[in-house]
Amino acid sequence: MAEEEDDPGFEEELEDGSGGVDAAGHGRRKRLFSKELRCMMYGFGDDQNPYTESVDILEDLVIEFITEMTHKAMSIGRQGRVQVEDIVFLIRKDPRKFARVKDLLTMNEELKRARKAFDEANYGS
């Protein structure tokens, strides 16, 4: 992809001089999603304890995707801010992602309404 050559993307975050060493001095970055990814991999048919290297590669891909989407979302709409509408705009051509985001947004609204109704019933506002 020609786009990847122009955008330094994920690698720019490791150029802080630490050489990929996290704050604790270990030889690798802190893993943010390892537990969740292991559960997802198991749910999709992998072993209950997948190889650490597989989880690490998958996490690198997830972080790269999130970083790219965030950078793209920051460049559209209001400059320097990420809004839900920007993310929806970016994924509008991918039917599966678009449907999933719409489902999650709808569920979020339903949960907000349910919490509000519960609070009003308990506190009589």
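The text that follows walks through the structure, step by step, so that each part is easy to find. (Residues numbered from 1 in each chain as written. Predicted model: local features only at pLDDT ≥ 70, side-chain atom pairs only at ≥ 80, totals over all residues. Heavy atoms only, no water.)

A few words now on a nonpolar patch on the surface. The grouping of Ile57, Leu58 and Leu61 at the surface amounts to a nonpolar patch, some 270 Å² of accessible area in total. Mapping leucine 58 onto the fold places it in helix α3 (residues 52-75). (Patch = residues over 30% accessible without salt bridge, like charges linked within 9 Å, V, L, I, M, F, W, Y side chains within 5 Å. Areas by Shrake-Rupley, 256 points an atom, 1.4 Å probe, with all protein chains shown as cover. Salt bridge = Lys/Arg side-chain N within 4 Å of Asp/Glu carboxyl O. Helix = DSSP H or I, 4+ residues; strand = E, 2+ residues; numbered from the N terminus.)

It is worth spelling out the packing of aromatic side chains at this point. One pass over the full model with this rule turns up zero aromatic pairs. Here the guanidinium or amino end of arginine 92 rests over the ring plane of phenylalanine 89, the centre of that ring lying 3.9 Å away. (Phe/Tyr/Trp six-rings, centres within 6.5 Å; stacked < 30°, edge-to-face > 60°. Lys NZ or Arg CZ within 6 Å of the ring centre and 35° of its normal.)

Turning to helix α2 (residues 34-43), its buried residues are Ser34, Leu37 and Met41. When α2 is viewed along its axis, its buried side chains cluster within an angular range of 65 degrees and face the same direction. Among the exposed residues of α2, those pointing more than 90 degrees away from its buried face are Lys35, Cys39 and Gly43. Those residues of α2 that are buried lie in contact with α3. (Buried < 20%, exposed > 50% of the residue type's maximum accessible area, 1.4 Å probe, protein only. Arc of directions from axis to C-beta. Contact = heavy atoms within 4.5 Å.)

Time to look at the pattern of salt bridges. Within the structure shown, the criterion is met by five salt bridges. Between arginine 31 and aspartate 60 there is a salt bridge; the shortest N-O distance is 2.9 Å. In this pair, arginine 31 sits in the loop between α1 (2-6) and α2 while aspartate 60 sits in helix α3, placing the two residues 29 residues apart along the sequence. For aspartate 60, a relative accessible area of 27% gives the class partly exposed. In the salt-bridge network here, residues are joined through shared partners; they are Arg31, Asp56, Glu59 and Asp60.

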